[in-house]
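So the chains spell out like this:
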Amino acid sequence: MIDATVVAPVAIGAVLLIAGATLSRYGVALMGALLGAGGGYLAAPTVGAAIGVGGVAASAVGIAAGIVVGVVAAHLLLSVAVAAIGFGVGTYIGLTILAPVLVDGAWYVEWGAAVGIGVAVALAGMVLTHTTMIVLTSVIGAALTSRSLTLEAFEEARAATSVDPLLLDAADPIFLGLVVVGLSVQIGLLKLGYVGRLVARLPGAAMGRDRGEKGAGG
């Protein structure tokens, strides 16, 4: 029997990995929905207690609220949405991959470095929208597709009230290989002019561009 909790994240990850940035606003909406759902799931006990529900109902409310917030963000100015997502994902990447390598100190030093990386990625998202989305969707797509990031990990993180179960193994060859594949494929797709024209035909789509870049789409 097919396990939807396994297949769905992998399928979403594959879409982000191969065409997350190419899908423009749709890709941003998907990233926002994922971040919102994850945050909502982790915050579900607190949210549920505030509104008087618990258990599965609290998880459902938290996830639904997170998805709505994430998708609505995609309808804002594209670069602003990318910047917000960039801060969240950039901080996560900094905490799980870069900070442990770049700094050697107490947990709050690593967290400070991770937040700094998140701010830098957010600023990059405002100026280099295309490039930032390629990197973000490739990393998160690779994490989901390789099963480095799973629903079980979120369950463990919520139970332990710790982000440790969500930390990526930066040395995992499958994860690293998929990141390279995602970067290569998406850079190739965005260089094809007709892809931008096709995306521009999608309702509400707007192909975000790096500042100063000319191309098809909004």
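Higher on the page you've got the structure.
About the cut-offs
- Residues numbered from 1 in each chain as written.
- Predicted model: local features only at pLDDT ≥ 70, side-chain atom pairs only at ≥ 80, totals over all residues.
- Heavy atoms only, no water.
- Helix = DSSP H or I, 4+ residues; strand = E, 2+ residues; numbered from the N terminus.
- Buried < 20%, exposed > 50% of the residue type's maximum accessible area, 1.4 Å probe, protein only.
- Contact = heavy atoms within 4.5 Å.
- Areas by Shrake-Rupley, 256 points an atom, 1.4 Å probe, with all protein chains shown as cover.
- Expected span 1.5 Å × (residues − 1).
- Arc of directions from axis to C-beta.
- 1 Å grid on protein atoms, 1.4 Å probe; cavity = no way out; pocket = protein on both sides within 12 Å on 5 of 7 lines; lining within 4 Å.
- Points joined across faces, edges and corners; volume = space filled by probe spheres on them.
- Nonpolar A, V, L, I, M, F, W, Y, C, P; charged D, E, K, R; others polar.
- Axes fitted to C-alpha atoms, helices over the stretch in contact; angles between N-to-C directions.
- Parallel < 35°, antiparallel > 145°, perpendicular 65-115°, else oblique.
- Core = buried A, V, L, I, M, F, W, Y, C linked by side-chain atoms within 4.5 Å.
- Patch = residues over 30% accessible without salt bridge, like charges linked within 9 Å, V, L, I, M, F, W, Y side chains within 5 Å.
- Salt bridge = Lys/Arg side-chain N within 4 Å of Asp/Glu carboxyl O.
- Left-handed = near helix turned anticlockwise from the far one by under 90°.

**What to know about the overall build of the protein**
Move 1: From N to C terminus, the protein includes nine helices and zero strands.
Move 2: Mapped from its N terminus to its C terminus, the protein presents α and β elements in the order α-α-α-α-α-α-α-α-α.
Move 3: For the protein, the proportion of its 218 residues judged to be buried stands at 41%.
Move 4: Contacts in the protein between residues far apart in sequence, at least 24 positions, make up 73% of those at least 6 positions apart.
Move 5: Of the roughly 10,900 Å² of accessible surface on the protein, a fraction of 73% belongs to carbon and sulfur atoms.

**Points about helix H5 (residues 107–127)**
Move 1: If you check H5, its first and last C-alpha atoms are 31 Å apart, about what 21 residues at 1.5 Å a residue would give, namely 30 Å.
Move 2: Restricting attention to buried positions, one finds in H5 the residues Ala-114, Ile-117, Gly-118, Val-121, Ala-122 and Gly-125. Seen from one end, H5 has its buried residues packed into an arc of 145 degrees, which puts them on one side. Facing away from the buried side of H5 by over 90 degrees, the exposed positions are Tyr-108 and Leu-123.

**Focus on the side chain of Ser-59**
Move 1: Looking at where Ser-59 falls in the secondary structure, it is placed in helix H3 (residues 55–74).
Move 2: For Ser-59, a relative accessible area of 11% translates into the label buried.
Move 3: In this view, Ser-59 contacts Tyr-41, Ala-44 and Arg-158; residues no more than four positions away in its chain are not counted.

**Brief notes about the layout of surface pockets**
Move 1: Its volume calculated, the largest pocket comes out at about 1,100 Å³.
Move 2: If you go around the largest pocket, you meet 40 residues; those closest to its centre are Leu-34, Leu-35, Gly-38, Gly-39 and Phe-154.
Move 3: Where the lining of the largest pocket is concerned, the elements lending two or more residues are helix H1 (4–19), helix H2 (25–51), H3, helix H4 (78–102), helix H6 (129–145) and helix H7 (151–160).
Move 4: With 10 residues, the top contributor of residues to the lining of the largest pocket is H2.
Move 5: Class assignment for the residues of the lining of the largest pocket results in 31 nonpolar, eight polar and one charged.

**Examining the packing of H5 against H6**
Move 1: Put simply, H5 and H6 touch, their axes get as near as 6 Å, and they point 130 degrees apart. In terms of orientation, H5 and H6 fall into the oblique class. On H6, the residues touching Val-121, Ala-124, Gly-125, Met-126 and Val-127 of H5 are Thr-129, Thr-132 and Leu-136.
Move 2: In terms of residue class, the contact of H5 with H6 is made up of five nonpolar, three polar and no charged.

**Some words on the nonpolar core**
Move 1: Ranked by size, the top nonpolar core spans 32 residues in total, and within it Met-31, Val-89, Leu-136, Ile-140, Leu-149, Leu-166 and Phe-175 carry the most contacts.
Move 2: Secondary-structure elements contributing two or more residues to this core are H1, H2, H4, H5, H6, H7 and helix H8 (173–190).

**Regarding a nonpolar patch on the surface**
Move 1: Residues Phe-87, Trp-107, Tyr-108, Val-109, Trp-111, Val-115, Val-119, Leu-123, Val-163 and Leu-167 make up a contiguous nonpolar surface patch of roughly 930 Å² in combined accessible area.
Move 2: Here the element with the most residues in the nonpolar patch is H5; it accounts for seven residues.
Move 3: Here Trp-107 shows up in helix H5.
Move 4: The exposure class of Trp-107 is exposed, given its relative accessible area of 63%.

**Some points on unusual backbone geometry**
Move 1: Not every positive phi belongs to a glycine, and Arg-147 is a case in point at roughly 65 degrees.
Move 2: With respect to the helices, strands and loops of the structure, Arg-147 is situated in the loop between H6 and H7.

**Observations concerning the packing of H1 against H6**
Describing two packed helices takes the angle between their axes plus the distance from one axis to the other.
Move 1: Between H1 and H6, whose axes approach to 7 Å, the crossing angle comes to 150 degrees. The angle between H1 and H6 places the two elements in the roughly antiparallel class. Relative to H6, the crossing made by H1 is left-handed. Within the contact between the two elements, H1 uses Pro-9, Val-10, Ile-12, Gly-13, Ala-14, Leu-16 and Leu-17 and H6 uses Thr-137, Ser-138, Ile-140, Gly-141, Ala-142, Leu-144 and Thr-145.

**Overview of the environment of Val-69**
Move 1: By the secondary structure assignment, Val-69 is in helix H3.
Move 2: On the basis of relative accessibility, which here comes to 59%, the residue Val-69 falls in the exposed class.
Move 3: Along the backbone, Val-69 and Leu-35 are 34 residues apart, and their C-alpha atoms lie at a distance of 9.5 Å.

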